[in-house]
Amino acid sequence: MKKLNVRFIAFLWTLLALAAAVQAITAQQPAISANTDVQPPVGKDSVKFLVIGDSGTGDRAQNETGAQMWRAHAVFPYEFAIMLGDNLYGAERPQDFANKFERPYKPMLDANIPFYAALGNHDDPNQRYYKYFGMGGKRFYTFQKKDVRFFVLDSNYMDKDQQRWLEEELSKSNSKWKIAYFHHPIYSSGGRHGSEIDLRTIVEPLFIKYGLNVVFAGHEHFYERLKPQHGINYFTAGGSAKLRGGDIIVNSGLTAKGFDTEQSFMVVEIDGDVLRFQTISRRGKRVDSGEIRRGQTS
Amino acid sequence: MLKLHSASIALVVLFAACGKADTAEPPAKTAVSAAAPVTPAAPAPAVAASTEQGVNPVGAAVLEFKKRIDAYLKIHNDAEGKVPNLKKTDDPKEISDREKALGEMIMTLRAGAKPGDIFAPEYQPYFIKIVQDDIKARPVADRKALVAELPKNVKVDINTVYPTTLPLETFPPALLRKLPDLPPELEYRIVGRSLILRDVKANLIVDVLRDVVPTIPS
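In this text, all values refer to a predicted model and were calculated from it rather than measured experimentally.

So, how was this worked out
Residues numbered from 1 in each chain as written. Chains lettered and ligands numbered in written order. Predicted model: local features only at pLDDT ≥ 70, side-chain atom pairs only at ≥ 80, totals over all residues. Pairing = 2+ DSSP bridges. Helix = DSSP H or I, 4+ residues; strand = E, 2+ residues; numbered from the N terminus. Axes fitted to C-alpha atoms, helices over the stretch in contact; angles between N-to-C directions. Contact = placed C-beta atoms within 7 Å. Nonpolar A, V, L, I, M, F, W, Y, C, P; charged D, E, K, R; others polar. pLDDT = per-residue confidence, 0-100. Expected span 1.5 Å × (residues − 1). Bend = angle between axes of the 7 residues up to and from the residue. Buried ≥ 20, exposed ≤ 12 C-beta atoms within 10 Å, placed from the backbone. Parallel < 35°, antiparallel > 145°, perpendicular 65-115°, else oblique. Left-handed = near helix turned anticlockwise from the far one by under 90°. Core = buried A, V, L, I, M, F, W, Y, C linked by C-beta atoms within 7 Å. Right-handed = clockwise from strand over helix to strand, strands pointing away.

1. Remarks on the sheet that holds strand β2 (residues 194-199) of chain B
All names here are of chain B. Spatially, three strands are ordered β1-β2-β3 in an open sheet, and the strand pairing comes out antiparallel. The open sheet is flanked by β1 (186-191) and β3 (204-209), the only strands paired with a single partner. Neighbour to neighbour, the strand axes of the sheet diverge by 30° on average, direction disregarded. Here six bridges tie β1 to β2, and the two strands are oriented antiparallel to one another. For R189, the partnering residue across the bridge sits in β2 and is I196.

2. Focus: the environment of M105 of chain B
Residue and element names in this part refer to chain B. For M105, the location among the structural elements is in helix α5 (residues 92-109). C-alpha separation for the pair M105 and I130, spaced 25 residues apart in sequence, amounts to 33 Å. Those residues within four positions of M105 in sequence are excluded, and the remaining contacts are A79, K82 and V83.

3. Looking at the interface of chain B and chain A
Every contact between the two is made by 28 residues of chain B and, on the other side, 31 residues of chain A. Residues belonging to the side of chain B that touches chain A are distributed by class as follows: 13 nonpolar, six polar and nine charged.

4. As for the confidence of the model for chain B
Residues and elements named next belong to chain B. For chain B, mean pLDDT is 76; residues scoring 70 or higher make up 73% of the total. Looking across chain B, the model is least confident in helix α2 (residues 28-35), with a mean pLDDT of 30, and most confident in β3, with 96. Across residues 1-51, confidence stays below pLDDT 50; counting only partners more than four residues off in sequence or on other chains, it has 59 contacts. Prediction confidence for the complex, expressed as pTM and ipTM, is 0.81 and 0.76 respectively.

5. What to know about helix α6 (residues 197-209) of chain A
The first and last C-alpha atoms of α6 of chain A sit 18 Å apart over 13 residues, in line with the 18 Å expected at 1.5 Å per residue. Of all the bends in α6 of chain A, the greatest, near 40°, is centred on V203 of chain A, and the proline P205 of chain A appears no more than four residues after it. Listed in full, the buried residues belonging to α6 of chain A are D198, L199, I202, V203 and F207 of chain A. Of the surrounding secondary structure, the elements contacted by the buried residues of α6 of chain A are α5 (160-172), β6 (177-182) and β7 (214-217) of chain A together with α8 (173-178) of chain B.

6. Examining the sheet that holds strand β13 (residues 286-293) of chain A
Residue and element names in this part refer to chain A. Within the open sheet, the six strands sit side by side as β3-β2-β1-β11-β12-β13. Their pairing is mixed. Where the open sheet ends on each side, the last strands, each with one partner, are β3 (115-117) and β13. Strand-to-strand, the axes of this sheet are offset by a mean angle of 20°, without reference to chain direction. In this structure, strand β1 (residues 47-52) lies alongside strand β2 (residues 80-83), joined through four bridges in parallel fashion. Each bridged residue has a counterpart across the sheet, and for V51 the counterpart in β2 is I82. Strands in contact with helix α2 (residues 60-75) are β1, β11 (264-271) and β12 (274-281); relative to β11, the strand with the most contacts, it is inclined by about 25°.

7. Re the packing of helix α4 (residues 57-82) of chain B against α5 of chain B
Two quantities define a packed helix pair, namely the angle between the helix axes and the distance between the axes. Residues and elements named next belong to chain B. The geometry of α4 relative to α5 is characterised by a closest axis approach of 9 Å and an angle of 130° between their N-to-C directions. Regarding the angle of α4 to α5, the classification is oblique. Viewed along their axes, α4 and α5 form a crossing whose handedness is right-handed. Residues I75, H76, D78, A79, E80 and K82 of α4 lie in contact with α5, whose contacting residues are L102, M105, I106 and L109. For the contact of α4 with α5, the class distribution of residues is six nonpolar, one polar and three charged.

8. A short note on the nonpolar core
Membership of the largest hydrophobic core comes to 116 residues, with the highest contact counts inside it found for V51, L84, Y181, V215 and F216 of chain A. For this core, the element with the most residues is α4 of chain B, which contributes eleven residues. In this structure V51 of chain A touches I82, L84, F216, A237, F265, M266 and V268 of chain A, once residues within four positions along its chain are discounted.

9. Observations regarding the pairing of β6 of chain A
Residues and elements named next belong to chain A. Across the six residues that make up β6, a large majority, six, are buried. Of the strand pairs in this sheet, β6 and β7 are connected by four bridges, and their pairing is parallel. Among the inter-strand pairings, Y181 is bridged to a residue of β7, identified as F216. Between the parallel pair β6 and β7, the chain is carried across by α6, and the sense of this crossover is right-handed.

This is the structure in structure tokens:
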């Protein structure tokens, strides 16, 4: 009888501990709002796009943030999406493409919104053959949307071929706006990773020489708008599913605005000489916004 | 420290010089047929040549490395010809099936492959020196950050698939500049303390050079 009582008490304790754990986990997960703070675009014929980084988990965070992206689309009808790498974490079996990409972003895919992906360190380079990543079979590539030229780099492996290609493409582009995006941030206040100085020494001189305007990167699982560096605006948006809460080093001297308490994504509009950006959290809150004038820094 | 820097610079200059000389070579096809063996043979007389007076040992290492790379490429191309071509697809299964088929075909064609088939044993010290000099020349924080990012406790072996759940950690661009160029079919990667050669399309480990990355105390 005594033995039975002890077992019963132990069972009750286990239940209590489980309930506490579930409560703790639930508390960390934001309640998803049906509303969004996203503001509509200003320009009529502007280039409008979505920015996603470090998204391929297939978990609840990705799905809820994905749902929020689609809500944002109702207000801010972006025409395409850029992906900053780590498009698929872990295994890359056919079902993983479904769970970690096709399902969370189904409404966008159904609406024929094209995606243009960069490769992250968790991505098999053979993702470049996957049609919905828009890479055309290339590790690094470029594409044009009206006045904007995008340069998509493979920062995992910045070999001489890629450097030559980048310089050639930058030099021949006379687009009004030049935007580069890739996985590893060359400026970052992340405690876990920080700035990729090695990569910076190679690409930054080219960015400066050929008048690049804006750079987007991921890798760090948070949002950070950096103070402009040598006239170039840098954003890190690697928290569209993964989150490394509290990782931004507050006194790095680099941050203009940081957000590391919830998943996020960006919507961006380029309207003539102005780029307007909004950063939206998983809950639909606008956590940062602003505008950049071409030739000026934010 | 100054000595180390000078050594690195000297090596870089030597490699650069070799790279320039290489561009004057006949087209790759001729080089491949000249390299002949499908499974890279035992090192050529380059060893003896490299010790001869007036012969640049680094240049010899690079040339021998290129020869072996060309021999590997011949196998890779043979294998590619035997599996279906890969085009843009919306079916990820086609991508993984093709990667697997190509990997298996190469594994079969290189059934007797062993470590050092491409990183020739007598020239391994050059590769090790390049990597170690690069890492040692970095500031401590940078060095630690680099090493902290590398996949650890993973056993990698020649002629096996690179573990699909393992991140392909960034290869330090400055180090990449110091190593001999590779064709697009191949890339260098660091896993744990090993420098590996990876076939990009087949996701296959082509050769492994162990104990290259110095241990960095945390």
